[in-house]
Amino acid sequence: MDLKKLNKDDPLDRMAEKSADTEGMSPMDPPDAYSPPSTEDVAYDTMHPFLQELMDDHKRLIAQMTTFEEALQQIQTSGLSNETGQTLRNSFQFFEENFVVHNRKEEVGFFPLLKRRLIERGEHGTTAERKTGVDVMQNDHTRAVQLAAVACSFFGLAVRLPDEQSRMLTLSGAVQQSKDLIEHVRLHIFREETILFGFANNHFSAEELDQFQTSVETETGKPA
Ligand SMILES: [Fe+2]
Ligand SMILES: [Fe+2]
């Protein structure tokens, strides 16, 4: 993985600059994709249960992405098999059933307040829209769903193509889209956990976080 290229291409640099009237480097403008300043670093054990629940979702998603990635490597070395085909189906199904639900937990209430707090503290872009890291995370959600849809349809197409060369080319495209998806999701989760969740834990009241937890419980019908 080319982290320098990833960082260069990343919209975070373009969208989440710290406002011009504040000094120092913004935690939303990291010098390297996986090396952000850890100014709001908070250990899992001291996170509010609502944030722990989001991190537990992340852990399950990362585990599925790792299984998915192993299947992609097998496809690259040995081609598609019944076993790897089943892993692909399970991975896309898991993503479809869990990723959007998880995103709703973040986007309903939590992200809007997070955005307000970031703006209050000057952690926003210099344009009139005052974009923050929350805008980047929301765009990430959309992008991940798009990547998954394209990868899934490429795999579906690849197995139906009668011409071998076309099939191999489409399969290769599907694998690449899938790898982009995995890297995209990993970086997204890394940023939420190392920057935004710590910020929320430090700058939201316990009552505010309790409310988000209650909303999730109400919406999903089960404890957050
Ligand atoms: Fe997210
Ligand atoms: Fe998340």
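Residues numbered from 1 in each chain as written. Chains lettered and ligands numbered in written order. Predicted model: local features only at pLDDT ≥ 70, side-chain atom pairs only at ≥ 80, totals over all residues. Heavy atoms only, no water.

### Comments concerning the coordination of the iron ion (ligand 2)
Alright, step 1. In the first shell of the iron ion (ligand 2), the protein supplies His-58 (NE2), His-102 (NE2), Glu-106 (OE) and Glu-192 (OE), at 1.9 to 2.2 Å from the metal.
Alright, step 2. Around the iron ion (ligand 2), the 4 donor atoms sit at angles spanning 84 to 170°, and that spread fits a shape best called irregular.
Alright, step 3. Separating the iron ion (ligand 2) from the iron ion (ligand 1) is a distance of 3.1 Å, and Glu-106 supplies a donor atom to each of them. Of the two residues, His-58 sits in helix α3 (residues 49-78) while Glu-106 sits in helix α4 (residues 82-107), which places them 48 residues apart along the sequence. Take His-58 and Glu-106: they sit in the same class, and that class is buried. (Donors = N, O, S within 2.8 Å, 3.2 Å for Na, K, Ca; no water. Tetrahedral: all angles 85-135°; square planar, octahedral: opposite > 155°, others 65-115°. Helix = DSSP H or I, 4+ residues; strand = E, 2+ residues; numbered from the N terminus. Buried < 20%, exposed > 50% of the residue type's maximum accessible area, 1.4 Å probe, protein only.)

### Points about the coordination of the iron ion (ligand 1)
Alright, step 1. For the iron ion (ligand 1), the full set of protein donor atoms is Glu-106 (OE), His-141 (NE2), His-188 (NE2) and Glu-192 (OE), at a range of 2.0 to 2.2 Å.
Alright, step 2. Read from N- to C-terminus, the donor residues coordinating the iron ion (ligand 1) fall into the pattern E-x34-H-x46-H-x3-E.

### Considerations on empty space enclosed by the protein
Alright, step 1. Taken as a whole and assessed by the stated rule, the structure comprises 1 cavity of 30 Å³ or more.
Alright, step 2. Each pocket or cavity is described by its volume, and for the largest cavity that value is around 40 Å³.
Alright, step 3. Where the lining of the largest cavity is concerned, the elements lending two or more residues are α3, α4 and α7 (164-203).
Alright, step 4. Looking at side-chain class alone, the lining of the largest cavity contains 4 nonpolar, 5 polar and 2 charged residues. (1 Å grid on protein atoms, 1.4 Å probe; cavity = no way out; pocket = protein on both sides within 12 Å on 5 of 7 lines; lining within 4 Å. Points joined across faces, edges and corners; volume = space filled by probe spheres on them. Nonpolar A, V, L, I, M, F, W, Y, C, P; charged D, E, K, R; others polar.)

### Quick notes on the packing of aromatic side chains
Alright, step 1. If you walk through the whole model with that rule in mind, you get 10 aromatic pairs.
Alright, step 2. Consider the rings of Phe-50 and Phe-110, whose centres lie 5.3 Å apart with planes at 70°: the pair is edge-to-face. Here Phe-110 lies in helix α5 (residues 110-120) and Phe-50 lies in helix α3, a separation of 60 residues in the sequence.
Alright, step 3. The interplanar angle of 65° and the centroid separation of 6.0 Å between the aromatic rings of Phe-110 and Phe-197 together place this pair among those described as edge-to-face. Separated by 87 residues along the polypeptide, Phe-110 in helix α5 and Phe-197 in helix α7 bring together distant segments of the chain.
Alright, step 4. A relative accessible area of 0% places Phe-110 in the buried class.
Alright, step 5. Overall, Phe-197 belongs to the buried group, its relative accessible area being 0%.
Alright, step 6. An aromatic cluster of at least three residues, connected via ring pairs, comprises Phe-50, Phe-110, Phe-111, Phe-197, Phe-204 and Phe-212.
Alright, step 7. Here Lys-59 stacks its cationic end above the ring of Tyr-44, 5.4 Å away from the centre of that ring. (Phe/Tyr/Trp six-rings, centres within 6.5 Å; stacked < 30°, edge-to-face > 60°. Lys NZ or Arg CZ within 6 Å of the ring centre and 35° of its normal.)

Just distances and angles here, no functional claims.
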